[in-house]
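In case you want the letters, here they are:
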Amino acid sequence: MKVIAAVNGSVVSQMSAKYALEYANVLHYDLVLLYIKNKKDPMEDVNETFETLSLEGSKIGVNIETVILKGDPHKAIKDYLLNTNADTLFCSTRRGKDYFTNSFSERLSKAKLPVNLAVVRVVHLAQNNSFESIILPIKESKLSVKKFTFFSVMAKAFDAKTEVYSITTMSKNKMVHIDIKKAKEMLAFINSNLRHYVQLSKILGFHLTIKHEFTLNEENTILEHIARSNHQLAIIGAKRLSFFSRFLGKEPIEKLLQNSSINTIAFYPQEE
């Protein structure tokens, strides 16, 4: 089994590939550094990325391959993936006003790929190997096995503490009239549904806490919580074409990637 990291010689793509390297290391998979030829990318930068990551891989015992493709990027990468036994494709997303619009990562997020997709947005360049705490926002108790598996591997990769941040949305009227007893019942129900993940975290050997929030606006609540918390990495579960199941409103993936104050990975599980 292999992990694929799409690189183009940029610093952010190299950091995204470092996450892929740590992910591959935990699972004892090979890492493929994949570059699709583009006139805009200086080959000396691409080769430097290959050399740097190959050296880092050799230090921790991860076998690294380098692959260079030609032609239309999306067709080339899809054809390659169809003929490769791969688990997850990591790629970076550009920085700018619209992080996703018309980008390579945005098109990949809409494609039906035979692998998981992890889109990485880098905010802090110095934190690629120093995550002490990772956060995973979810809606109520909706946490899939695929999402939790990716979350767990990243926690093990960086030996990090973790937090599942459970968001319950309600109307202003309901928020005003909810009583303590009802609130406790709702939280108890969510905790009961998540208890297996807490047990799994203990078996896997990483620290997991669950925090809850009742809110009118999920997106703002997540961003505010991230800003005031001591997390260094956020993992956002997403669905292809539906953008985070759209529970954060219109195009929440783009908004969270744009406004998050910490490094963020949007994780798209492979669709069956």
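On a predicted model such as this, the values are computed, not experimentally measured, just so you know.

> Help me understand the overall build of the chain in this model?
Along its length, the chain carries nine helices and ten strands. Residues classed as buried in the chain amount to 51% of the 272 residues present. When contacts within the chain are restricted to residue pairs at least 6 apart in sequence, those whose partners lie at least 24 apart make up 80%. In the structure as shown, the chain presents an accessible area of about 13200 Å², 51% of it carried by carbon and sulfur atoms.

> Would you mind showing me how to read the side chain of threonine 49 here?
Relative to the helices and strands, threonine 49 is located in helix H2 (residues 43-60). Leave out the neighbours within four places in its chain, and threonine 49 touches Val7, Gly9, Gln14 and Leu33.

> Whenever I open this one, the sheet that holds strand S6 (residues 133-139) confuses me. Can you help?
Remark on secondary structure: sheet strands pair via backbone hydrogen bonds, oriented parallel or antiparallel. Taken in spatial order, the ten strands of this open sheet run S3-S2-S1-S4-S5-S10-S9-S6-S7-S8, and their pairing is mixed. Each edge of the sheet is formed by a strand with only one pairing partner; in this case those strands are strand S3 (64-69) and strand S8 (208-215). Going from strand to strand, the sheet's axes swing by 20° on average, the running direction of each strand aside. The pairing of strand S5 (residues 116-121) with strand S10 (residues 263-268) spans five bridges and is antiparallel.

> Explain a nonpolar patch on the surface here, please?
Taken together, the side chains of Leu200, Ile203 and Leu204 present a nonpolar region at the surface, about 290 Å² in accessible area. Structurally, isoleucine 203 is set in helix H7 (residues 180-204). Residue isoleucine 203 is classed as exposed on the basis of its relative accessible area of 67%.

> Just checking my understanding: could you explain the packing of aromatic side chains for this structure?
The relative placement of two aromatic rings is captured by the distance of their centres and the angle of their planes. Scanning the entire structure with this criterion turns up eight aromatic pairs. Ring centres of tyrosine 23 and phenylalanine 150 lie 5.5 Å apart, and the angle between their planes is 35°; on these two criteria the pair is classed as tilted. Linking tyrosine 23 in helix H1 (residues 11-27) with phenylalanine 150 in helix H5 (residues 145-158), this pair joins segments that are 127 residues apart in sequence. When sorted by exposure, tyrosine 23 lands in the same class as phenylalanine 150, which is buried. Note on phenylalanine 90 and phenylalanine 150: the rings are 6.1 Å apart at their centroids and 35° apart in plane angle, and the pair reads as tilted.

> Would you explain the pairing of strand S2 (residues 30-36) in this entry?
A regular strand places its side chains on the two faces of the sheet in alternate fashion. Judged by how many residues are buried, S2 sits mostly within the fold: six of seven residues are covered. With five bridges joining them, strand S1 (residues 2-6) and S2 adopt parallel strand pairing. Within the sheet, the bridge partner assigned to alanine 6 lies in S2 and is leucine 34. Examined bridge by bridge, S2 and S3 share six bridges and lie parallel to one another. Considered in S3, the bridge of valine 32 is made with glutamate 65. Running through H2, the crossover from S2 to the neighbouring parallel element S3 is right-handed.

> I would appreciate a short explanation of H1 in the present structure.
In an α-helix, one full turn covers 3.6 residues, which means residues spaced three or four apart are oriented alike. With 17 residues, H1 extends 25 Å between its outermost C-alpha atoms, agreeing within 8% with the 24 Å of an ideal straight helix rising 1.5 Å per residue. Most of H1 sits out of view: twelve of its 17 residues are buried. Taken together, the buried positions of H1 are Ser13, Gln14, Met15, Ser16, Ala17, Lys18, Tyr19, Ala20, Leu21, Glu22, Tyr23 and Ala24. Taken from the residues just after H1, histidine 28 is the one with a positive phi, measuring 60°.

Calculation criteria
- Residues numbered from 1 in each chain as written.
- Predicted model: local features only at pLDDT ≥ 70, side-chain atom pairs only at ≥ 80, totals over all residues.
- Heavy atoms only, no water.
- Helix = DSSP H or I, 4+ residues; strand = E, 2+ residues; numbered from the N terminus.
- Buried < 20%, exposed > 50% of the residue type's maximum accessible area, 1.4 Å probe, protein only.
- Contact = heavy atoms within 4.5 Å.
- Areas by Shrake-Rupley, 256 points an atom, 1.4 Å probe, with all protein chains shown as cover.
- Pairing = 2+ DSSP bridges.
- Axes fitted to C-alpha atoms, helices over the stretch in contact; angles between N-to-C directions.
- Patch = residues over 30% accessible without salt bridge, like charges linked within 9 Å, V, L, I, M, F, W, Y side chains within 5 Å.
- Salt bridge = Lys/Arg side-chain N within 4 Å of Asp/Glu carboxyl O.
- Phe/Tyr/Trp six-rings, centres within 6.5 Å; stacked < 30°, edge-to-face > 60°.
- Right-handed = clockwise from strand over helix to strand, strands pointing away.
- Expected span 1.5 Å × (residues − 1).

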